[in-house]
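Descriptive structure summary
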Amino acid sequence: MMFSYTQISNYLRCPRSYRHRYLDGWREKETRATMIFGRCFEKALEAYFRGEDCSVVLYREWGAFRETPFDFKKGETWDRMLHQGVLLLERFAQDNRIQIPRPNESLQIKLVRELPNANQFIAYIDAFGKLDASPYLIDWKTTTSRYADAPDGLLSLDPQLICYSWVTGVSEVALVVFVRKHQPEIQYLKTSITEEQRQEFGRLLGVTIDQIEAAHFPSHSGIRFPQNGCVSCPHLGLCLGDQKLIDSNLIRTAGANDLAWLDELVD
Ligand code: SF4
């Protein structure tokens, strides 16, 4: 089987949700504008590093979804998101803090690590490059609110960065967060992941895969803050037996697990 960070974090959040998604093939309909916009924005970033006109690429990529009936968040529109994206790309170019010397080899890199029992782990690393002239593994994020950056060292607890550090063996990792708000902002967040953290992730991965292979899929339900995962869970309709919710949020795909790793490209 092929595993990815998205799959493992889904299992850890709620094993029942994992079963719905990866074994039974129930996946969320792509109706969230923010998710699609994030993908378009990353294509524009790649174009920037290849020396192309990134605003034109953003317009072209996002333009393909102009008539799509998305669920926009309150106050958001297709035009407003485009405008914010262009401002962020301009700010990014002005900051000039990231260099990707070989863009054809250093962006969206697919890595596969062999696991016991003929399993594999797949990851797509957004970029290997330089931040403030030092080498980093870089992950891009687009969001509407700032990431927490205090107290010092908080980012070193980010499980996705720990996972990517485990896959690559690279200690120095960074998040570049494009914040779409009234005054667009870019956060350049850096941290170091230790060897001990990488080993701990490897053990967590092993235990999680054992649970999956043993078909343990108990529900980790929760509706009260902060353990309120059911409230935003795409599989809520399945757990409640609510056909209307199922029809509005989910589509079912056959042979789900074969292509599950594609989720990794979304995040
Ligand atoms: S609705 Fe709750 S219990 Fe059901 S899959 Fe989602 S998180 Fe798990």
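Shown above is the structure to which this text applies.
All values reported here derive from a predicted model rather than from experimental measurement.

1. Remarks on the overall build of the protein
Each helix and strand counted, the protein has ten helices and nine strands in total. Here the C-alpha radius of gyration of the protein, 19 Å, is about what a compact globule of 267 residues would show, namely 18 Å. By principal-axis analysis of the C-alpha atoms, the protein measures approximately 50 × 45 × 35 Å. Burial analysis of the protein (267 residues in total) assigns 44% to the buried set. Expressed as a percentage of contacts within the protein between residues at least 6 apart in sequence, the contacts between residues at least 24 apart total 68%. Within the structure as shown, the protein displays about 14,000 Å² of accessible surface, and the carbon and sulfur contribution to it stands at 52%. In the protein, which carries 31 positive and 35 negative side-chain charges, the distance between the mean positions of the two groups comes to 4 Å.

2. A closer look at the pattern of salt bridges
Under the criterion given, the structure shown has 16 salt bridges. The salt bridge partner of R66 is D79, with a shortest N-O separation of 3.3 Å. Of this pair, R66 sits in the loop between α4 (54-63) and α5 (78-95) while D79 is found in helix α5, placing the two residues 13 residues apart along the sequence. A relative accessible area of 45% means that D79 is categorised as partly exposed. For E185, the salt bridge is made with K181, and the minimal N-O distance between the two is 2.7 Å. For K181, a relative accessible area of 28% gives the class partly exposed. The network of salt bridges with common partners includes R146, D149, K181 and E185.

3. With respect to the site of the ligand
As a matter of local geometry, the ligand sits amid R13, C14, S17, S219, S221, C230, C233, L236 and C239. The residue inventory of the shell around the ligand, partitioned by class, reads five nonpolar, three polar and one charged.

4. Some details on helix α2 (residues 15-23)
Buried residues of α2: P15, S17, Y18, H20, R21 and Y22, and no others. Summarising the contacts, the buried residues of α2 are in contact with β1 (2-4), α1 (5-13), β2 (26-28), α8 (195-213) and α9 (236-240). Remark: G25 follows α2 within two positions and exhibits a positive phi of approximately 85 degrees.

5. Remarks on the packing of aromatic side chains
All chains considered together, the criterion is met by 23 aromatic pairs. Between the aromatic rings of F121 and F201, the centroid separation amounts to 6.5 Å while the plane-to-plane angle is 85 degrees, which identifies the pairing as edge-to-face. Pair noted here: F121 is in strand β5 (residues 120-131) and F201 is in helix α8, with a separation of 80 residues, a long-range link. Residue classification places F121 among the buried residues on the basis of a relative accessible area of 0%. The class of F201 is buried, set by a relative accessible area of 7%. Directly above the aromatic system of Y188 lies the positively charged group of R97, at a separation of 4.3 Å from the ring centroid. Positioned above the aromatic ring of W166 is the side chain of R113, whose terminal nitrogen or guanidinium carbon lies 4.0 Å from the ring centre.

6. Points about the nonpolar core
W62, F92, I98, W140, V176 and F178 are the most contacted members of the largest nonpolar core, which has 33 residues in total. Among the secondary structure elements, those contributing two or more residues to this core are α3 (33-49), α4, α5, β5, β6 (134-143), β7 (172-179) and β8 (185-192). With nine residues, the single largest contributor to this core is α3. Ranked by size, the runner-up nonpolar core spans 30 residues in total, among them I109, Y164, I193 and I209.

7. Comments concerning the environment of Y147
Within the element layout of this structure, Y147 appears in the loop between β6 and α7 (159-168). When the C-alpha positions of Y147 and V170 are compared, they lie 22 Å apart, and in sequence the two are 23 residues distant. Sequence-distant contacts of Y147, defined by excluding residues within four places in its chain, comprise K141, L175, V177, Q187 and L189.

8. Points about the packing of α3 against α4
Packed helices, taken two at a time, are described by their axes: the angle between them and the distance between them. Between α3 and α4, the least distance of the axes is 8 Å, while the angle of their chain directions is 150 degrees. As far as their axial angle goes, α4 and α3 are roughly antiparallel. Once α3 is placed against α4, the crossing between them reads as right-handed. On α4, the residues that touch A33, I36, F37, C40, F41, K43, A44, A47 and Y48 of α3 are C54, V57, L58, E61 and W62. For the contact of α3 with α4, the residue count by class is twelve nonpolar, no polar and two charged.

9. Some thoughts on α8
Taking 1.5 Å of rise per residue, 19 residues should cover 27 Å, and α8 covers 27 Å from first to last C-alpha, within 8% of that figure. Every buried residue belonging to α8 is among Q197, R198, F201, L205, T208, I209 and I212, and all of these are buried. Down the axis of α8, the sector holding all buried residues measures 110 degrees, keeping them to one side. Away from the buried face of α8 by more than 90 degrees, exposed residues E196, E200 and R203 are located. Just downstream of α8, A215 is the residue with a positive phi angle, here 60 degrees.

Cut-offs applied
Residues numbered from 1 in each chain as written. Predicted model: local features only at pLDDT ≥ 70, side-chain atom pairs only at ≥ 80, totals over all residues. Heavy atoms only, no water. Helix = DSSP H or I, 4+ residues; strand = E, 2+ residues; numbered from the N terminus. Rg over C-alpha atoms; globule rule 2.2 N^0.38 Å. Buried < 20%, exposed > 50% of the residue type's maximum accessible area, 1.4 Å probe, protein only. Contact = heavy atoms within 4.5 Å. Areas by Shrake-Rupley, 256 points an atom, 1.4 Å probe, with all protein chains shown as cover. Lys, Arg positive; Asp, Glu negative; His and termini not counted. Charge placed at Lys NZ, Arg CZ, Asp CG, Glu CD. Salt bridge = Lys/Arg side-chain N within 4 Å of Asp/Glu carboxyl O. Near = heavy atom within 4 Å. Nonpolar A, V, L, I, M, F, W, Y, C, P; charged D, E, K, R; others polar. Phe/Tyr/Trp six-rings, centres within 6.5 Å; stacked < 30°, edge-to-face > 60°. Lys NZ or Arg CZ within 6 Å of the ring centre and 35° of its normal. Core = buried A, V, L, I, M, F, W, Y, C linked by side-chain atoms within 4.5 Å. Axes fitted to C-alpha atoms, helices over the stretch in contact; angles between N-to-C directions. Parallel < 35°, antiparallel > 145°, perpendicular 65-115°, else oblique. Left-handed = near helix turned anticlockwise from the far one by under 90°. Expected span 1.5 Å × (residues − 1). Arc of directions from axis to C-beta.

In short, geometric facts, not functional conclusions.
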